[in-house]
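An overview of the molecular structure
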Amino acid sequence: MAVSMRDLDPAFQGAGQKAGIEIWRIENFKPVPIPKSSYGKFFTGDSYVIMKTTASKSGALRQDIHYWLGKNTSQDEAGAAAIKTVELDAALGGRAVQYREVQGHETEKFLSYFKPCIIPQEGGVASGFKHAEEEEHQTRLFICRGKHVVHVKEVPFARSSLNHDDIFILDTKSKIFQFNGSNSSIQERAKALEVVQYIKDSYHDGKCEVAAIEDGKMMADAETGEFWGLFGGFAPLPRKTASEEDKIVDTQPTKLYRVEKGQAEPVESDSLTRELLETNKCYLLDCGLEMFVWMGRTTSLDERKSASGAAEELLQGADRSKSHIIRVIEGFETVMFRSKFDSWPQTTNVTVSEDGRGKVAALLKRQGVNVKGLLKADPVKEEPQPYIDCTGHLQVWRVNGEQKVLLSAADQSKFYGGDCYIFQYSYPGEDKEEFLIGTWFGKQSVEEERASAISMASKMVESMKFLPAQACIYEGNETIQFFSIFQSFIVFKGGLTDRYKNFIAEKEIPDETYQEDGVALFRVQGSGPENMQAIQVDPVASSLNSSYCYILHSGSSVFTWSGNLTTSEDQELVERQLDLIKPNLQCKPQKEGAESEQFWDLLGGKSEYSSQKIGKEAESDPHLFSCTFSKGNLKVTEIYNFTQDDLMTEDIFILDCHSEIFVWVGQQVDSKNKMLALTIGEKFLEHDFLLEKLSREAPIYIIMEGNEPPFFTRFFTWDSAKSTMHGNSFQRKLAIVKNGGTPIKDKPKRRTPGSYGGRSSVPDKSQRSRSMSFSPDRVRVRGRSPAFNALAATFENPNARNLSTPPPMVRKLYPKSVTPDPTNLAPKSAAIAALTASFEKSPPARELIIPKSLKVSPAPVSPSSKQELNSKENSMSNRIESLTIEEDVKEGETEDEEGLPIYPYERLKVLSTDPVTEIDVTKRETYLSSEEFREKFGMAKDAFYNSLQLTLQVEESLLVNLLGNTISQD
């Protein structure tokens with residue numbers, strides 16, 4: 001498009017250079033900027049140009065331009081707004097999408113800029129805005145429609161305006177009433193309450209009462225009576241009559257027109273294809289509710305203005321005021337436009353676009369205008385963060401048929417590409433322990449094994465009352481959270497399960513399962529010791545890449561290879577991975593270009609290889625969708641400029657981040673649809689609604705409301721109090737509105753839930769920092785109440801570390817301190833010393849372990865008794881640990897992890913005829929084999945643990961009272 005400076009209005013120079021909204025009002029057919037304090041205030045007699053500039057994560061700025069036409073604006077002003085919109089697009093290089101917005105029929109995208117709503121005021125620039133100085137508050141009645149954004153319209157203050165289908169807001173001087181039609185949805189009622197809050201803040205300075213009136217309640221309460229009294233008393237509502245706003249645009253076949261000399265001429269074709277659009281012409285695509293104007297890259301500014309006029313004429317002639325006009329530029333078509341065609345090429349050459357924007361910038365720069373925002377900015381380089389505490393506790397199972405096999409800590413970060421795995425990770429959250437349960441599918445894994453893994457993982461989540469987040473991860477598409485949890489991750493070729501072995505035997509596929517003494521090549525990658533991977537690849541030279549380091553071994557011969565584009569940090573990761581793959585062998589370092597003959601011989605000779613880094617796609621801007629799933633069909637609605645308030649507890653939403661998606665499930669969603677959350681995510685990837693080439697193997701996270709992890713909430717300005725409120729969406733919003741805009745967190749804190757199998761997977765706080773690659777099996781601690789945890793932390797020595805846990809190897813990536821502050825515990829030392837003395841005596845086997853009465857006298861602690869105090873504190877710590885349940889012992893062993901012998905159940909019973917002596921009777925279950933424990937206690941396990949928990953609570957209460965009495969005596 002030829003650009004001339006005379007075509008650019010001075011009011012638009014320098015516009016669109018930073019993210020945000022800019023608004024101009026048409027005055028005397030010229031755009032005039034309005035102050036930011038007036039943004040969101042529109043007058044029915046005026047026309048406006050609104051531009052929203054968005055900065056993408058890649059650094060590029062993109063614009064959406066809207067021109068808004070009030071119901072009383074003149075045709076001349078409306079035409080000027082349309083033309084000025086085209087000029088503004090030209091000033092920005094001709095790539096913005098342009099929308100016509102008619103009062104009362106605005107697009108959801110436009111309304112999302114001014115949440116919760118816009119309420120146009122009578123008047124305009126021509127009338128001098130006389131209405132702006134109103135002295136008396138006028139009672140007004142508004143009708144509200146919309147589930148995601150709200151269309152608000154003032155209607156006559158009369159009973160005849162009300163109906164059973166919509167929601168109405170009556171704004172009086174002292175109180176705002178919301179009338180909920182009996183046929184309106186909970187979500188619509190909740191959204192309307194946001195309008196109530198807006199009216200309360202804007203017109204009442206936040207000081208007025210709010211009342212919710214339910215249709216059909218008659219005179220059930222005082223507020224209902226007061227509401228109907230304003231209408232002259234209660235009377236049955238009339239049936240809703242169809243108005244102009246209610247009329248639905250007739251569905252009609254999509255038609256394509258070519259614009260020639262300002263006239264729309266039909267294009268005859270059997271099917272709509274991209275090839276019908278010529279770059280030197282403009283076209284109209286009439287879809288009924290939407291009228292698209294497509295402008296070729298080489299068309300002139302006058303031709304584009306003429307095409308816009310032709311679209312206006314086409315709609316006016318058919319009396320289609322509700323239809324939206326959307327103008328798109330070649331190379332920057334919207335998803336909705338492209339979806340109307342039977343075929344559209346996957347890639348479009350937009351080089352010309354960057355060229356055009358550069359020319360416009362050069363012209364403006366010569367006029368002294370700052371053009372920084374017109375050119376594509378350099379991408380912001382940020383180190384990706386996991387947004388998850390990486391000091392938690394990890395358990396991993398390999399799926400074998402319908403069973404899962406628990407892996408030792410030494411093996412739980414070593415996966416095989418032919419197998420499937422389940423992992424459970426617990427980590428400290430804001431006020432409770434958080435859980436993540438996920439599945440990992442190797443590239444060569446069997447479909448039946450994947451189905452088994454999903455089924456077992458889903459049952460684990462269900463058994464924990466849907467508290468954990470759930471993840472579905474495919475090899476090669478792992479997330480930063482996954483890698484950070486595992487820290488040192490290795491993927492071997494082949495598989496170990498029976499199904500995999502049977503599969504390759506049936507298909508006559510060679511078994512490439514990793515052999516320690518065979519030839520194997522590993523590509524090493526990662527960002528540091530807390531996030532490093534070794535991936536086994538084919539042992540051939542073409543697998544090499546100059547951007548990576550590799551480990552090659554054959555028997556006792558070990559080589560490391562460093563590409564010319566690698567850094568010292570990359571080479572350090574190789575040394576760390578060598579300690580895991582071949583820890584006791586000397587390696588022979590190889591530099592690219594200086595390899596030995598033996599190295600090439602092991603790879604079968606030299607060959608060409610790549611030098612381009614295998615990088616993950618850059619994180620793209622997220623999109624939020626509301627989902628409806630029925631009879632296998634998925635329907636989605638995009639929520640523009642989304643916030644946390646858009647997440648309704650009755651619905652399921654998908655947050656699309658391109659490289660991964662999150663399926664958010666509200667608390668009020670029925671259990672059947674909760675179980676279909678993963679299916680909904682898979683359907684979303686399959687349909688690829690944004691035509692963004694989503695991978696069918698992109699990671700899927702399932703998030704339950706009230707248990708949102710930080711790697712999900714980071715996409716919002718998050719208030720955890722909102723997601724933990726009781727009630728449906730309307731009840732929650734009503735509580736917030738009546739509380740002055742502050743959410744009421746009325747849900748009590750939950751107990752830390754047990755892990756799958758009835759036990760907590762929360763390790764001692766001193767064990768939180770870990771390197772999972774080297775850690776042996778850990779003891780899991782049975783769930784304790786929060787008060788008991790605090791008390792236990794007081795008695796435990798914070799400096800004592802479980803010897804089964806290695807020293808910390810890496811820094812915490814996203815940690816929160818969970819270690820008790822020793823300075824706060826010091827003043828209680830004397831009381832604790834006296835109190836712990838009462839626990840030194842072991843009770844007889846049949847004696848109740850909770851003392852009936854204890855009197856404790858405080859005693860000062862002398863320096864000579866410090867050693868004894870430390871000894872007693874450690875003894876008390878051991879006493880508390882004796883109340884925990886230890887990890888299941890391995891099948892077939894005669895000793896557990898602490899060397900305890902294994903006895904049959906009949907000898908461990910209290911009434912046994914041949915009882916075992918010299919055992920700790922407070923932990924009889926730990927002397928059972930894993931198999932017998934499940935057999936004897938499987939069905940009654942909950943009752944078993946509840947009984948123990950009750951004992952703990954009683955003991956806890958006595959201890960706290962005794963401790964309080966002792967301290968008060970001090």
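For the structure, see preceding data.
Thresholds, definitions, all that
Residues numbered from 1 in each chain as written. Predicted model: local features only at pLDDT ≥ 70, side-chain atom pairs only at ≥ 80, totals over all residues. Heavy atoms only, no water. Axes fitted to C-alpha atoms, helices over the stretch in contact; angles between N-to-C directions. Helix = DSSP H or I, 4+ residues; strand = E, 2+ residues; numbered from the N terminus. Parallel < 35°, antiparallel > 145°, perpendicular 65-115°, else oblique. Left-handed = near helix turned anticlockwise from the far one by under 90°. Contact = heavy atoms within 4.5 Å. Nonpolar A, V, L, I, M, F, W, Y, C, P; charged D, E, K, R; others polar. Core = buried A, V, L, I, M, F, W, Y, C linked by side-chain atoms within 4.5 Å. Buried < 20%, exposed > 50% of the residue type's maximum accessible area, 1.4 Å probe, protein only. Pairing = 2+ DSSP bridges. Right-handed = clockwise from strand over helix to strand, strands pointing away. Salt bridge = Lys/Arg side-chain N within 4 Å of Asp/Glu carboxyl O. Expected span 1.5 Å × (residues − 1). Lys, Arg positive; Asp, Glu negative; His and termini not counted. Arc of directions from axis to C-beta.

With respect to the packing of helix α3 (residues 186-203) against helix α17 (residues 729-738)
The axes of two packed helices give the description: the angle between them and the distance between them. Running from N to C, α3 and α17 point in directions that differ by 15°, and their axes come no closer than 8 Å. With respect to their mutual orientation, α3 and α17 come out roughly parallel. Considering how the two elements wind past one another, α3 and α17 form a crossing that is left-handed. Between α3, through I186, R189, A190, L193, E194, V196, Q197 and K200, and α17, the contact on the second element is made entirely by S729, F730, K733, L734 and V737. A per-class count over the contact of α3 with α17 returns 7 nonpolar, 2 polar and 4 charged.

Some details on the nonpolar core
Counting residues in hydrophobic clusters, the biggest one holds 57 residues, and the most contacted among them are F482, F486, F522, L655 and F662. The biggest single contributor to this core is helix α11 (residues 568-581), with 5 residues. What F522 contacts, discounting residues up to four positions off in sequence, is I490, V491, F492, Y514, A534, I535, Q536, C549, Y550, I551, H553 and I581.

Side note on the sheet that holds strand β13 (residues 282-286)
Across the sheet, 10 strands lie side by side as β2-β1-β3-β4-β5-β15-β14-β13-β11-β12; this open sheet has mixed pairing. Edge positions in the open sheet fall to β2 (30-33) and β12 (263-266), since each of these has one partner strand only. Strand-to-strand twist in this sheet, taken as the mean axis angle between neighbours without regard to direction, amounts to 25°. Taken together, the 9 bridges between strand β3 (residues 47-55) and strand β4 (residues 61-69) define a ladder with antiparallel strand orientation. Across the sheet, residue T53 finds its bridge partner in β4, namely Q63.

Thoughts on the pairing of β4
With 8 of 9 residues buried, β4 is to be regarded as a mostly interior element. Counted between consecutive antiparallel strands, the loop separating β3 from β4 contains 5 residues, among which G59 sits at a positive phi close to 100°. Handedness of the crossover joining β4 and strand β5 (residues 97-102) through helix α1 (residues 75-91): right-handed.

Quick look at the side chain of S557
Summarising the element assignment, S557 is placed in strand β26 (residues 557-562). Those residues in contact with S557 that lie beyond four places of it in its chain are L552 and Q598.

Side note on the pattern of salt bridges
Throughout the structure, instances matching the rule amount to 30 salt bridges. Between R189 and E214 there is a salt bridge whose closest N-O contact spans 3.1 Å. Within this pair, whereas R189 is found in helix α3, its partner E214 is found in strand β10 (residues 209-214), the two being separated by 25 residues in sequence. A salt bridge links E434 to K432; its shortest N-O distance comes to 3.5 Å. Of the two residues, E434 and K432, both sit in the buried class. Salt bridges sharing common partners tie together K115, K191, E194, D646 and K733.

Focus on helix α8 (residues 447-463)
With 17 residues, α8 should cover 24 Å at 1.5 Å per step; its first-to-last C-alpha distance of 24 Å lies within 8% of that length. Turning to α8, its buried residues are E449, R450, S452, A453, M456, A457, S458, M460 and V461. Those residues of α8 hidden inside the fold are in contact with β16 (393-400), β17 (403-406), β19 (420-428), β20 (433-441), β21 (469-474) and α10 (498-506). Backbone geometry just after α8 places K465 at a positive phi near 60°.

Looking at the sheet that holds strand β25 (residues 549-554)
Pairing in this open sheet of 7 strands is mixed, and the strands run β18-β22-β24-β23-β25-β26-β27 from one edge to the other. Edge positions in the open sheet fall to β18 (414-416) and β27 (587-591), since each of these has one partner strand only. Adjacent strand axes in the sheet meet at a mean angle of 20° when their direction is disregarded. Taken together, the 7 bridges between strand β23 (residues 519-528) and strand β24 (residues 531-537) define a ladder with antiparallel strand orientation. Following the sheet pairing, G528 is matched in β24 by N531. In the packing of α11 onto the sheet, contacts are made with β18, β22 (488-492), β23, β24, β25, β26 and β27, and the angle to β25 comes to roughly 30°.

Quick look at the side chain of E638
Tracing the backbone through its elements, the reader meets E638 in strand β29 (residues 633-639). There is no salt bridge for the buried E638, and the closest opposite charge comes from K109, which lies 6.9 Å off by N-O distance. Residues in contact with E638, not counting those within four places in the same chain, are E108, H623, L624, F625 and L690.

Some words on α11
The terminal C-alpha atoms of α11 lie 20 Å apart, and with 14 residues this matches the ideal 20 Å at 1.5 Å per residue to within 8%. Looking only at α11, the buried set comprises D570, L573, V574, Q577, L578, L580 and I581. The buried side chains of α11 occupy one side of the element, clustering within an arc of 155° when seen end-on.

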